[in-house]
Amino acid sequence: MNITEQDKLFIEEAYRLAKRNVQKGGWPFSTIIVRNGEVLSRAVNSVVWTHDPSDHAEIAAVRIATEKIGSNDLNGSTAYMLAPPCPMCSACMILAKISRIVYAVDVVSKDRALTNLPPTQGLYHAVSMQEDGPIKYEQCTQFSEDGFDLFSSWNSGLS
């Protein structure tokens, strides 16, 4: 990986944001999204205040950045954070087309340090469509064709 001096500065800033969030009673997560040297957003995890389990720093940062640029396409941007995003946040970042994620702490080490939170490594398995996972996925095939037709019709209208 080619970590630059700029990357190090943004990781350091993400660390400071997360530390301030902890000092205020929040969780130790923050995200900074940068494109072409411009900071598009800075956000912290606000779950403790909003009681919204989706109010993660990564998702908040994506929302702020996309609103700022007036598009849901963050292609060419880099997200800086202390640890890799959870599966929910990863999915959001994929949909937003974030090009690069730079983080400081690996998932195993993060989980080892944050024993009061659900382990992220386990979430990657939990959200998969495994038969033995905590959520049972069942397909209602009766409406599969109708759903497919709706998706196709909507998609055709985009061309």
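Further up the page is the structure itself.
Bear in mind the structure is a predicted one, so any value in this text is a computation, not a measurement.

**Quick notes on the overall build of the protein chain**
Okay, so step 1: The helix and strand tally for the protein chain stands at 7 helices and 4 strands.
Okay, so step 2: From first element to last, N terminus to C terminus, the protein chain shows the α and β order α-β-β-α-α-β-α-β-α-α-α.
Okay, so step 3: Expressed as a percentage of contacts within the protein chain between residues at least 6 apart in sequence, the contacts between residues at least 24 apart total 51%.
Okay, so step 4: When the accessible surface of the protein chain is split by element, carbon and sulfur atoms take 56% of a total near 10300 Å².

**Remarks on the pattern of salt bridges**
Okay, so step 1: The full count for this structure, using the stated rule, is 5 salt bridges.
Okay, so step 2: With its nearest N and O atoms 2.6 Å apart, the salt bridge here joins Asp 7 to Arg 100. Remark: Arg 100 occurs in strand β4 (residues 100–103) and Asp 7 occurs in helix α1 (residues 5–23); sequence separation between them is 93 residues.
Okay, so step 3: Overall, the relative accessible area of 27% leaves Arg 100 in the partly exposed class.
Okay, so step 4: Glu 38 serves as the salt-bridge partner of Lys 68, at 3.4 Å between the closest nitrogen and oxygen. Taken together, the residues Lys 68 in helix α3 (residues 57–69) and Glu 38 in strand β2 (residues 38–44) connect sequence positions 30 residues apart.

**Re the sheet that holds β2**
Okay, so step 1: Pairing is mixed across the open sheet formed by 4 strands, whose spatial order is β2-β1-β3-β4. Sheet topology places β2 and β4 at the edges, where each strand pairs with a single neighbour. Within this sheet the neighbouring strands show an average axis-to-axis angle of 20 degrees, counted without direction.
Okay, so step 2: Inspection of the sheet shows strand β1 (residues 30–35) paired to strand β3 (residues 77–81) by 5 bridges, in the antiparallel sense. Following the sheet pairing, Val 34 is matched in β3 by Thr 78.
Okay, so step 3: The sheet contacts of α3 involve β1, β2 and β3, and relative to β2 the element is tilted by about 145 degrees.

**Some words on unusual backbone geometry**
Okay, so step 1: With a phi angle near 60 degrees, His 51 is a residue other than glycine that sits in the positive phi range.
Okay, so step 2: Within the secondary structure, His 51 is located in the loop between α2 (47–50) and α3.
Okay, so step 3: At Lys 97, a residue that is not glycine, the phi angle is positive and equals roughly 65 degrees.
Okay, so step 4: Structurally, Lys 97 is set in the loop between α4 (87–95) and β4.

Scoring rules and cut-offs
Residues numbered from 1 in each chain as written. Predicted model: local features only at pLDDT ≥ 70, side-chain atom pairs only at ≥ 80, totals over all residues. Heavy atoms only, no water. Helix = DSSP H or I, 4+ residues; strand = E, 2+ residues; numbered from the N terminus. Contact = heavy atoms within 4.5 Å. Areas by Shrake-Rupley, 256 points an atom, 1.4 Å probe, with all protein chains shown as cover. Salt bridge = Lys/Arg side-chain N within 4 Å of Asp/Glu carboxyl O. Buried < 20%, exposed > 50% of the residue type's maximum accessible area, 1.4 Å probe, protein only. Pairing = 2+ DSSP bridges. Axes fitted to C-alpha atoms, helices over the stretch in contact; angles between N-to-C directions.

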